[in-house]
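# Structure at a glance
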Amino acid sequence: MSFEIKLPLFEGPFDLLLFFIERDELDINDIPISKITKDFLDYLHNLEQMNIEVASEFILVAATLMRIKSKMLLPRPQLDEEGNEIDPREELVKHLLEYKKYKSVLEELKEMETSQIDKEKRGNLAKELRHLSETVNVESELQDLDLYKLLKVFQNVMERYEVEKNKPRHEVIQYPYTISGQRDYIMANLTNRTKISFGEIIEQDANKIAVIFNFLAILELLQLNMITLIIGEGFNNFWVEKLDEVEEKA
């Protein structure tokens, strides 16, 4: 009976050997080396007839099978140090069992991956974004958008926000005081009074900025010879008196 095998079914020569063993229900620990060697070589010949390049690993295993077959045909078997007969198939069986074990683990991992993908419906974000871009006809540059780029943009925005938030701020307040205005204010207080103490002027508007402007206004009135200062009672206190009042008393 002839059979046809396609290369994509087999990831390597051990995968092909396991296929033969499972197909013919052979005992992996007692492989009929003549039959499996023939099947293996027939497979390689079929690849050559289809002009498919045979990988070096397949050729190496084919040579190993023929070497094992030739050793089993020898009339004198090889013996170990204890005098026991050495089975030429022993090393091949060992490699096949290891390969079968790892292959089963890989299949379990693949099943777990498939199951996890089914649970995570939004796992393939790039594919969904491409589908959305085609559906709603968005701009072409959005078609390459992915989660990493979104997070990067968000991070940059947050960094700029923190920089702006922590920048030194200079608040300019327009105070309702001018030197000329406070000068008129002081002279108005001296209209019906002989003199007024600086402490009383402060009490009328205890704002620090107002005190400064009042003091500067007093200095300007002194310079204009409109007032004079009299040392009064109390520590660091003085009286402001109109200069014309002083001249009348003289």
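Refer to the preceding data block for the structure.
An account of the accompanying structure is given in this report.

Rules used throughout
Residues numbered from 1 in each chain as written. Predicted model: local features only at pLDDT ≥ 70, side-chain atom pairs only at ≥ 80, totals over all residues. Heavy atoms only, no water. Helix = DSSP H or I, 4+ residues; strand = E, 2+ residues; numbered from the N terminus. Buried < 20%, exposed > 50% of the residue type's maximum accessible area, 1.4 Å probe, protein only. Contact = heavy atoms within 4.5 Å. Areas by Shrake-Rupley, 256 points an atom, 1.4 Å probe, with all protein chains shown as cover. Phe/Tyr/Trp six-rings, centres within 6.5 Å; stacked < 30°, edge-to-face > 60°. Lys NZ or Arg CZ within 6 Å of the ring centre and 35° of its normal. Arc of directions from axis to C-beta. Axes fitted to C-alpha atoms, helices over the stretch in contact; angles between N-to-C directions. Parallel < 35°, antiparallel > 145°, perpendicular 65-115°, else oblique. Nonpolar A, V, L, I, M, F, W, Y, C, P; charged D, E, K, R; others polar. Pairing = 2+ DSSP bridges.

Here the focus is the overall build of the chain. The helix and strand tally for the chain stands at ten helices and three strands. Along the chain, helices (α) and strands (β) appear in the sequence α-α-α-α-α-α-α-β-α-α-β-β-α when read from the amino end. In the chain, buried positions account for 21% of the 250 residues. Nonlocal contacts in the chain, meaning residues at least 24 apart in sequence, comprise 51% of its contacts between residues at least 6 apart. Summed over all atoms, the accessible surface of the chain reaches about 19200 Å², with 55% contributed by carbon and sulfur.

Centre-to-centre distance and the angle between the planes together describe a pair of aromatic rings. Going through the model one piece at a time under the given rule, you end up with seven aromatic pairs. Here the aromatic rings of Phe198 and Phe215 are separated by 6.1 Å at their centres, their planes lie at 70°, and the arrangement is edge-to-face. Residue Phe198 is located in helix 8 (residues 198-204), and its partner Phe215 is located in helix 9 (residues 208-223); the two are separated by 17 residues in the primary sequence. The class of Phe215 is partly exposed, set by a relative accessible area of 37%. Pairwise contacts between aromatic rings join Phe40, Tyr43 and Phe58 into one cluster. A cation sits over an aromatic face here: Lys101 above Tyr102, 5.3 Å from the ring centre. The positively charged end of Lys195 is found above the aromatic ring belonging to Trp239, 4.8 Å away from the centroid.

Moving on to helix 7 (residues 179-189). Every α-helix winds through 3.6 residues per turn, so residues three or four apart in the chain are directed the same way. Residues of helix 7 that are buried include every one of Gln182, Ile186, Met187 and Asn189, and no others. The arc that holds every buried residue of helix 7, seen down its axis, measures 155°, which confines them to one face. Lining the buried residues of helix 7 we find strand 1 (195-197), helix 8, helix 9, strand 2 (227-231) and strand 3 (238-242).

Bringing the packing of helix 7 against helix 9 into the picture now. The geometry of helix 7 relative to helix 9 is characterised by a closest axis approach of 8 Å and an angle of 75° between their N-to-C directions. What the angle tells us is that helix 7 and helix 9 run roughly perpendicular. Here helix 7 contributes Ile179, Gln182, Arg183, Tyr185, Ile186 and Met187 to the contact with helix 9, which in turn contributes Phe213, Asn214, Leu216, Ala217, Ile218, Glu220 and Leu221. Of the residues contributing to the contact of helix 7 with helix 9, the split by class is nine nonpolar, two polar and two charged.

The two faces of a sheet get side chains in turn, since along a regular strand they alternate between them. Taken across its five residues, strand 3 has four buried, putting it largely inside the fold. Pairing analysis gives three bridges linking strand 1 to strand 3, with the strands arranged antiparallel. Counterpart to Lys195 in the pairing with strand 3 is Glu241.

Glancing now at unusual backbone geometry. Of note in this structure, Glu25 is not a glycine but carries a positive phi near 55°. Position of Glu25 relative to the elements: it lies in the loop between helix 1 (13-23) and helix 2 (33-49). Backbone geometry places Asn225, a non-glycine residue, at a positive phi of 60°. A relative accessible area of 55% places Asn225 in the exposed class.

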